[in-house]
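# Tertiary structure, described
What follows is the residue order along each chain.
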Amino acid sequence: MTQRPPWQSFRAALEQRGFLPSRRLGQNFLLDENMVRAIVRDAKIAAGDFVLEIGAGCGFLSLHLLDAGARLVCVEIDDRLIPIASGLVAGHGDVRFVHGDALAGKHALAPEIEALLPDALGWHLVSNLPYSISGPILAVLAAHARPPATMTVLVQKEVAERIAAEPGTRAWGPLSIRLQSRYRPSIVRSVPPELFWPRPKVESALVRLERRADCAGAADLARLDALAGALFQSRRQSLGRVVARLCGDRGRGLELLAAMGLAPELRAETLPLAELHDLARRLDAPE
């Protein structure tokens, strides 16, 4: 079993480079080796699997993913960390480091990462995601033309609760809908703040998402995403009012809801996936 060098040696290397963790970049390093190993086990990575890791940091998770046999692409925005991470994992397997932001804006992967993804489906995301991009990166990858088969990610607990939320709860919203329409999520374990450096002010949680075999087609999913965005921009308004605005005709909107057996006084957060899918199709249907 691979054992990384003591944290003090990494702390010294970081200080030599003038490194101070950035809250803006969400730089919180998971130091606990047992928890890092648990994440790799929970990810169920097999030898030869292609794995994307976003926010590689000092390479602590990268090291154990390589020992599990992953073919690894590590993305890191801070160029001071890449020599530390690459030095740690040298000789441990097939790894490539990419320096830069994982996202090109809010709705697309960076082109360099896009070019490295395998053509075939079946790859995996395993990451201690920077808090600042966790929601956007999961949304982008879920809707990608070549999406990951699984995503096993350490995120802020509040984000984990949104990912796995149930309809009718405050956490249910566009991120829940986008991910659950494509994946089956589960919160695997909680991770306390004291296992990180620097210690975050919030708890974290490990979430695993497995691609749904019954995932709808791309056109249906795009309609659903658009509807979820529109509904939750007006979360405090009644379903009847929002649907009437989307239809451009209050009478047609009320008729549509009546045909579905939905009261216009309902709120968007009460609708489960099946009803949201149905509503999106009906709204898009020709009059």
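Reference entry: report on the structure contained in this document. (Residues numbered from 1 in each chain as written. Predicted model: local features only at pLDDT ≥ 70, side-chain atom pairs only at ≥ 80, totals over all residues. Heavy atoms only, no water.)

## Overview of the packing of aromatic side chains
Ring pairs (aromatic) are described by centroid distance and by the angle formed between their planes. Taken as a whole, this structure holds 6 aromatic pairs when the rule is applied. Pairing tryptophan 7 with phenylalanine 60 gives two aromatic rings, centres 6.3 Å apart and planes at 85°, and the pair type is edge-to-face. Remark: phenylalanine 60 occurs in helix 3 (residues 60-67) and tryptophan 7 occurs in helix 1 (residues 7-16); sequence separation between them is 53 residues. Given a relative accessible area of 15%, tryptophan 7 falls into the buried group. Given the relative accessible area of 5%, phenylalanine 60 is considered buried. Plain terms: the ring middles of phenylalanine 50 and tryptophan 123 are 6.3 Å apart, the flat faces sit at 90° to each other, and that makes the pair edge-to-face. Note that phenylalanine 50 is positioned in strand 2 (residues 50-54) and tryptophan 123 in the loop between helix 5 (111-116) and strand 5 (124-128), a separation of 73 residues in sequence. (Phe/Tyr/Trp six-rings, centres within 6.5 Å; stacked < 30°, edge-to-face > 60°. Helix = DSSP H or I, 4+ residues; strand = E, 2+ residues; numbered from the N terminus. Buried < 20%, exposed > 50% of the residue type's maximum accessible area, 1.4 Å probe, protein only.)

## Quick notes on the nonpolar core
Counting 39 residues, the largest nonpolar core has Trp7, Leu14, Phe29, Leu30, Cys58, Leu65 and Val126 as the members making the most contacts within it. Of all the secondary structure elements, the ones that give two or more residues to this core are helix 1, strand 1 (29-30), helix 2 (33-43), helix 3, strand 3 (71-76), helix 4 (82-89) and strand 8 (196-197). When near neighbours in sequence (up to four residues on either side) are disregarded, tryptophan 7 contacts Leu14, Phe29, Leu31, Phe60 and Trp197. (Core = buried A, V, L, I, M, F, W, Y, C linked by side-chain atoms within 4.5 Å. Contact = heavy atoms within 4.5 Å.)

## Regarding the environment of proline 167
In this structure, proline 167 sits in the loop between helix 7 (157-163) and helix 8 (174-180). When its relative accessible area of 29% is taken as the criterion, proline 167 is described as partly exposed. C-alpha separation for the pair proline 167 and threonine 270, spaced 103 residues apart in sequence, amounts to 5.3 Å.

## A look at helix 10 (residues 239-247)
Residues of helix 10 that are buried include every one of Leu239, Gly240, Val242, Val243, Ala244 and Cys247, and no others. Contacts made by the buried residues of helix 10 are with helix 9 (218-233), helix 11 (250-260) and helix 12 (273-284).

## As for helix 3
Here helix 3 lies mainly inside the structure; 7 of its 8 residues are buried. Phi turns positive, to about 100°, at glycine 69, one or two residues after helix 3.

## Overview of the sheet that holds strand 3
Across the sheet, which stays open at both edges, the 7 strands sit in the order 4-3-2-5-6-9-7 with mixed pairing between neighbours. Each having just a single partner strand, strand 4 (95-99) and strand 7 (183-191) make up the two edges of the open sheet. Averaged over all neighbouring strand pairs, the angle between strand axes comes to 20°, with direction disregarded. Relative to strand 6 (residues 150-156), strand 5 runs parallel, the two being bridged by 5 bridges. (Pairing = 2+ DSSP bridges. Axes fitted to C-alpha atoms, helices over the stretch in contact; angles between N-to-C directions.)

## Thoughts on the pairing of strand 5
Taken across its 5 residues, strand 5 has 5 buried, putting it largely inside the fold. Here strand 5 shows no split at all, with His124, Val126 and Asn128 on one side and Leu125 and Ser127 on the other all buried. Across 2 bridges, strand 2 lies against strand 5 in parallel orientation. Paired with leucine 52 across the bridge in strand 5 is leucine 125. Read as a crossover between parallel neighbours, the route from strand 5 over helix 6 (residues 134-142) to strand 6 is right-handed. (Right-handed = clockwise from strand over helix to strand, strands pointing away.)

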